[in-house]
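Survey of secondary and tertiary structure
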Amino acid sequence: MECLQHLLDGSTVPILTAFLLGLLTAVSPCPLATNIAAVGYISKDLENRRRVFLNGLLYTLGRVATYTLLGAVLIAVLCAGASVFAIQKAIGKWGEMLIAPALILIGLFMLFGHRLNLPNFGFSGRGERMGRGGGWGALLLGILFSLAFCPTSGVFYFGMLIPMSAAETGGYLLPAVFAVATGLPVVIVAWLLAYSVAGLGAFYNRMQAIQKWLSRIVGLLFIAVGIYYGAIYFC
């Protein structure tokens with residue numbers, strides 16, 4: 001993280017600065033916790049390498065869509081001479097407030113949702129249902145997690161990225177670059193799971209043997225991350 005901060009301090013290229021801000025956000029404690037949860041969700045489909053990597057891309061796509069659309073609104077607000085403070089305060093408040101119960105509910109749904117006669121939205125179910133729904137779940141996670149601004153990520157996005165974007169020609173692209181960087185660790189881990197780890201025969205066979213437990217493990221991971229966020233916000 002110190003190395004990234006050093007590169008950021010010396011950067012004079014807006015695109016590089018946006019990318020470095022995204023990487024710094026990705027390795028900050030709160031976003032890192034959600035990225036770990038995302039990796040857990042993606043890895044539950046380890047028997048299908050293509051699906052693992054695709055889910056990593058869809059997760060990042062959800063982040064790109066959210067940060068880019070939000071950035072376009074905020075840049076327009078700044079260019080109109082208004083302040084983004086009220087928007088930042090509202091998103092920060094509701095994002096932090098909702099992320100903890102949302103993660104816990106998703107975790108419970110992954111653990112017990114198969115017992116209910118409800119649509120799974122990509123978060124529960126087994127076999128073919130999980131295969132069809134997993135992509136939607138990854139996309140929704142990307143959208144949800146991108147709105148969970150903690151103080152550090154809020155400073156990087158609202159305090160540094162958006163003012164820089166509003167001052168630059170073509171600044172509307174910078175939030176997308178930022179978003180790609182925030183999801184890059186998940187994409188890299190998804191690629192490693194899909195084309196490296198999953199390709200090791202003996203390990204892969206063992207993973208197939210415990211595949212039915214992965215959804216439960218991931219559900220518990222979501223609950224743990226939800227409790228972590230709840231402890232930060234409510235305590």
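Scroll up a little and you will see the structure.
A few points on the structure. Just so it is clear, the model here is predicted, and its values are computed rather than measured.

We now examine the environment of P14. The residue P14 is located in helix α2 (residues 14-26) in this model. With relative accessibility at 23%, the residue P14 sits in the partly exposed group. Separated by 147 residues in the primary sequence, P14 and L161 have C-alpha atoms spaced 9.1 Å apart. Apart from residues lying up to four places away in sequence, P14 is in contact with M164, E168 and L174.

Tallied over the entire structure, the rule returns 1 cavity of 30 Å³ or more. If you add up the space inside the largest cavity, you get close to 60 Å³. Forming the walls of the largest cavity are T25, P31, T34, R63, Y67, F145, S146, A148, F149, S153 and Y229. Elements represented by at least two residues in the lining of the largest cavity include exactly α3 (29-43), α4 (49-79) and α6 (127-146).

Before going further, it helps to spend a moment on a nonpolar patch on the surface. On the surface, a nonpolar cluster with roughly 380 Å² of combined accessible area is contributed by I188, W191, L192 and Y195. Position of Y195 relative to the elements: it lies in helix α8 (residues 174-197). Residue classification places Y195 among the partly exposed residues on the basis of a relative accessible area of 39%.

Criteria and cut-off values
Residues numbered from 1 in each chain as written. Predicted model: local features only at pLDDT ≥ 70, side-chain atom pairs only at ≥ 80, totals over all residues. Heavy atoms only, no water. Helix = DSSP H or I, 4+ residues; strand = E, 2+ residues; numbered from the N terminus. Buried < 20%, exposed > 50% of the residue type's maximum accessible area, 1.4 Å probe, protein only. Contact = heavy atoms within 4.5 Å. 1 Å grid on protein atoms, 1.4 Å probe; cavity = no way out; pocket = protein on both sides within 12 Å on 5 of 7 lines; lining within 4 Å. Points joined across faces, edges and corners; volume = space filled by probe spheres on them. Patch = residues over 30% accessible without salt bridge, like charges linked within 9 Å, V, L, I, M, F, W, Y side chains within 5 Å. Areas by Shrake-Rupley, 256 points an atom, 1.4 Å probe, with all protein chains shown as cover. Salt bridge = Lys/Arg side-chain N within 4 Å of Asp/Glu carboxyl O.

Function-wise, these values are silent; they only describe arrangement.
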